[in-house]
Amino acid sequence: MNPSQLAEVVEAMRMPRFTASQIAKWLYEKRAVSIDEMTNLSKDNRRRLAEQYVVGREAPAGEMRSSDGTVKYLFRAYGGKMIESVYIPDGDRATLCVSSQVGCKMNCSFCATGKQGFHGNLSAAEIINQIFSIPESETLTNIVFMGMGEPMDNLSEVLKAVDVLTAKWGLAWSPKRVTVSSIGKLAELQQLVEKTDVHIAISVHSPYHQEREKLMPVEKAYPVKKVMELLAHYDFSHQRRLSVEYICFSGLNDDDAHAVALSKLLAGLKVRVNLIRFHAIPGASLRSSDEERMEAFRDRLNACGITCTIRRSRGEDIMAACGMLAGKHLKETNKD
């Protein structure tokens, strides 16, 4: 809850007005796990609060640790479903990739989450719980909404979670520590850009309409060309960053023609392209491009004036591709 919502709670329960700010400090500064910990509230007020509310914190239900330090956490969502968060340490950076939905509607051909179908949106509390309840929570430097689900398909709760992260009454982080990824739902993406100052990442994976539609059915409703035309109206030339996520598939989208077409699609935008190795998923015939092919693609984009880097692969030994661990749990549950 934000301060105004907390104020409504304490007013309805006939508690002193300042109780709302006390609760906010316990939730977001002291990170209380239970209402009983809020010791500057009277015992009676704590009892009354606990009768109607919970803090909402819940520890991970499972984890897998990679040899490179990456950790994939499983959290329980409503209905017994599982969601994933991935902790990625890298020098002085500690990034957490969080989920915004249980499953996903987008059905991208290369995504294990999409293969599970859609089971519901996460609440802002369930999103924030992923951030607050991992052992590394206090040392996190960056949050990326790039886990299970499409953030723009659950925009209202994502915006609430971003508010907790960036508002003075919350964690008071700079919005530059938060990146939100999207396939490009136009109206919702416009709201995100205008209502926040977070970094934006767009999943592209092909500059060609028909090819992208086969990889990402959402291309039919939200062509990537329209997405880039929308973003061209906003300023990404200073601290705020616009990036393009591009998974390289061997023999499909990794040749010189694709690189040139991608550079034309992005012409005029201040943008960085991240090339990503494909983590193979069950049932998909797609394979990742090799290092030499990705380097040639990167060099061609850079020659075209588009900043491009190859993202280092992390956590392959723990099924770090989005949705794989939760999908494995879902299959085992269904067997039972």
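Presented here is an overview of the structure given in this document. (Residues numbered from 1 in each chain as written. Predicted model: local features only at pLDDT ≥ 70, side-chain atom pairs only at ≥ 80, totals over all residues. Heavy atoms only, no water.)

## Some thoughts on the packing of aromatic side chains
And step 1. All told, the structure shown has 5 aromatic pairs when counted by the stated rule.
And step 2. On the numbers, 6.5 Å between centres and 80° between planes, the contact of Tyr28 with Phe132 is edge-to-face. Of this pair, Tyr28 sits in helix α2 (residues 19-29) while Phe132 is found in helix α5 (residues 124-132), placing the two residues 104 residues apart along the sequence. Here Tyr28 matches Phe132 in class, with each residue buried.
And step 3. The rings of Tyr28, Phe132 and Trp169 are connected pair by pair, giving a single aromatic cluster. (Phe/Tyr/Trp six-rings, centres within 6.5 Å; stacked < 30°, edge-to-face > 60°. Helix = DSSP H or I, 4+ residues; strand = E, 2+ residues; numbered from the N terminus. Buried < 20%, exposed > 50% of the residue type's maximum accessible area, 1.4 Å probe, protein only.)

## Comments concerning the sheet that holds strand β1 (residues 62-65)
And step 1. Sheet architecture is open: 10 strands sit in the order β1-β2-β3-β4-β7-β8-β9-β10-β11-β12, paired in mixed fashion. In the strand order of this sheet, the two ends are held by β1 and β12 (307-310), each with one partner. The average undirected angle you get between the axes of adjacent strands in this sheet is 20°.
And step 2. Strands in contact with helix α6 (residues 155-166) are β7 (142-145) and β8 (178-182); relative to β7, the strand with the most contacts, it is inclined by about 175°. (Pairing = 2+ DSSP bridges. Axes fitted to C-alpha atoms, helices over the stretch in contact; angles between N-to-C directions. Contact = heavy atoms within 4.5 Å.)

## Some points on the pairing of β12
And step 1. Examined bridge by bridge, strand β11 (residues 272-277) and β12 share 4 bridges and lie parallel to one another. Following the sheet pairing, Val273 is matched in β12 by Cys308.
And step 2. At this point the chain moves from β11, through helix α11 (residues 291-303), to the parallel β12, and the crossover so formed is right-handed. (Right-handed = clockwise from strand over helix to strand, strands pointing away.)

## Looking at unusual backbone geometry
And step 1. Residue Arg14 is not a glycine yet carries a positive backbone phi of 55°.
And step 2. Its identity is not glycine, yet Ala172 carries a phi of approximately 60°, on the positive side.
And step 3. The class of Ala172 is partly exposed, set by a relative accessible area of 48%.

## Structural notes on the nonpolar core
And step 1. Counting 78 residues, the largest nonpolar core has Phe145, Met228, Leu266 and Val273 as the members making the most contacts within it.
And step 2. For this core, the element with the most residues is α6, which contributes 7 residues.
And step 3. Ignoring sequence-local partners within four residues, the contact set of Met228 consists of Ile202, Val204, Val244, Leu265, Leu266 and Leu269.
And step 4. The next biggest cluster of nonpolar side chains, apart from the first, holds 17 residues, and it includes Cys108, Cys111, Ala112 and Leu215. (Core = buried A, V, L, I, M, F, W, Y, C linked by side-chain atoms within 4.5 Å.)

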